[in-house]
Amino acid sequence: MPLAGLNAVMFAAAPFIIARADYEATMGLVQKIFYYHMPSASMFLLSAVICGIASARFLFGGSPRQDRLAHAAAELAVLFGAITLVTGPLWARKAWGVWWAWDVRLTSSLMGWMVAWAYLLVRKYGGPGSDKLAAGLALFGMANVPFVYISVNYWRTIHPKTSVVPTLPADMGTALWFSFVCFLLLFILLLRLRVHLEEQRARLDALYLALDE
Amino acid sequence: MVKRTETRRGAVLSVLLAVFIGISVSAQQPQPQPQPQPAPPAATDEFVPISQLPPQDQLPAAPLLISAYAFVWVALFGYLLSVGRRLTKVQGEVQRLESDIAKGTRT
């Protein structure tokens, strides 16, 4: 609970820190979308990695706890992926003159987001055995993550390279990393909450089984 | 006969004179100047900073920025509410079942 309060305060302060950061010379005001876009994209990729690792451990170890973690992470991948895929085009419309470009970074991100959706849909409608089928999907989602990250360095596309972030001026870097910590803390809190929901569902299933016996 | 010929010559001269004067006057009137046509825009085959674009090509940044931030806040709040609602429902059902088991009955 104290962490949730701290996170709320940080999110309330973030717009003021972002507003104080310098304007980017060529893009101006719209570049400030970056301070929410990049952290949410990072959380999107982190969710896909956690979902993939937990799914692998579930597939090869059979631990239901890992399955619950994977399920929770997949839902967060959909959430943060949606934020990334909406804030990106809003920025691109002004900076690039188009809402969307089928370049490698954008297309692979969309693919990763669709894999996360597929995971949730398989879990919901797949019937018995869908947990293992979904776990297999999560491995593909995780394999896509390094491709999303490094693609901009190998294919010269309209999307900026990964080398942009380390070269940011101190003023912009402070705002970015503050936002990043905000999103990371929120991600941890949401993941814990979502895993707790899965645990409660598992407990409910166990109670129904106990009553039936 | 001679008088008629002189009359006709005078009429012809008058017409010629009128035509000449008309041409002279119209030549002295200022002609409307052709409007200068705007130069066609140069083809942009290289990067142009937003600040250097002509005003009609510039999009206002504020609505895009506000939309992006609003979407983030709405999505996060919506998700938080959704998880909270689901959790409350499941926990309520768990408590109900646990009390039923404790009583030895099932409703």
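Residues numbered from 1 in each chain as written. Chains lettered and ligands numbered in written order. Predicted model: local features only at pLDDT ≥ 70, side-chain atom pairs only at ≥ 80, totals over all residues.

A. View of helix H3 (residues 64-95) of chain A. Residue and element names in this part refer to chain A. Spanning 32 residues, H3 covers 46 Å between terminal C-alpha atoms, matching the ideal 46 Å at 1.5 Å per step. Within H3, 23 of the 32 residues are buried, which leaves the element mostly enclosed by the surrounding structure. Directly beyond the C-terminal end of H3, a positive phi value near 90° is found at Gly-97. (Helix = DSSP H or I, 4+ residues; strand = E, 2+ residues; numbered from the N terminus. Expected span 1.5 Å × (residues − 1). Buried ≥ 20, exposed ≤ 12 C-beta atoms within 10 Å, placed from the backbone.)

B. Examining the packing of H3(A) against helix H4 (residues 104-125) of chain A more closely. Residues and elements named next belong to chain A. At a closest axis distance of 9 Å, the pairing of H3 and H4 adopts a crossing angle of 140°. The element H3 and its partner H4 pack so that their crossing is left-handed. Contact residues: H3 offers His-71, Ala-74, Glu-75, Ala-77, Val-78, Gly-81, Thr-84 and Leu-85, while H4 offers Ser-109, Leu-110, Gly-112, Trp-113, Ala-116, Trp-117, Tyr-119, Leu-120 and Arg-123. Counted by class, the contact of H3 with H4 contains ten nonpolar, five polar and two charged residues. (Axes fitted to C-alpha atoms, helices over the stretch in contact; angles between N-to-C directions. Left-handed = near helix turned anticlockwise from the far one by under 90°. Contact = placed C-beta atoms within 7 Å. Nonpolar A, V, L, I, M, F, W, Y, C, P; charged D, E, K, R; others polar.)

C. View of the nonpolar core. Ranked by internal contacts, the top residues of the largest apolar core, which has 59 residues, are Cys51(A), Ala70(A), Ala73(A), Ala77(A) and Ala138(A). Taken together, the elements giving at least two residues each to this core come down to helix H1 (2-20), helix H2 (34-61), H3, H4, helix H5 (130-154) and helix H6 (170-212) of chain A together with helix H2 (61-103) of chain B. In this structure Cys51(A) touches Ala70(A), Ala73(A), Ala74(A), Ala77(A), Ala138(A), Gly141(A) and Met142(A), once residues within four positions along its chain are discounted. (Core = buried A, V, L, I, M, F, W, Y, C linked by C-beta atoms within 7 Å.)

D. Layout of the packing of H2(A) against H6(A). All names here are of chain A. Across the interface, H2 lies against H6 with an axial gap of 9 Å and an inter-helix angle of 40°. Taken as axis vectors, H2 and H6 run oblique relative to one another. Regarding H2 and H6, the two cross each other, and that crossing is right-handed. Here Tyr-35, Tyr-36, Met-38, Pro-39, Ser-40, Ser-42, Met-43 and Leu-46 of H2 come into contact with H6, specifically with Ala-175, Leu-176, Ser-179, Phe-180, Phe-183 and Phe-187. Class assignment for the residues of the contact of H2 with H6 results in eleven nonpolar, three polar and no charged. (Parallel < 35°, antiparallel > 145°, perpendicular 65-115°, else oblique.)

E. Inspection of the environment of Ser40(A) at higher detail. Residue and element names in this part refer to chain A. As for its position among the elements, Ser-40 is in helix H2. Of the residues examined, Ser-40 has 27 C-beta atoms within 10 Å and is grouped as buried. Taking C-alpha positions, Ser-40 is 11 Å from Val-78, a pair spaced 38 residues apart along the chain. Each residue touching Ser-40, except ones within four places of it in the same chain, is listed here: Phe-80, Ile-83, Thr-84, Thr-87 and Phe-183.

F. Representation of the interface of chain A and chain B within the structure. Of the residues lining the interface, 28 residues belong to chain A; the matching set on chain B comes to 26 residues. Here the side of chain A that touches chain B gets eleven residues from one element, more than from any other, and that element is H6(A). The class makeup of the residues in the side of chain A that touches chain B is 17 nonpolar, five polar and six charged.

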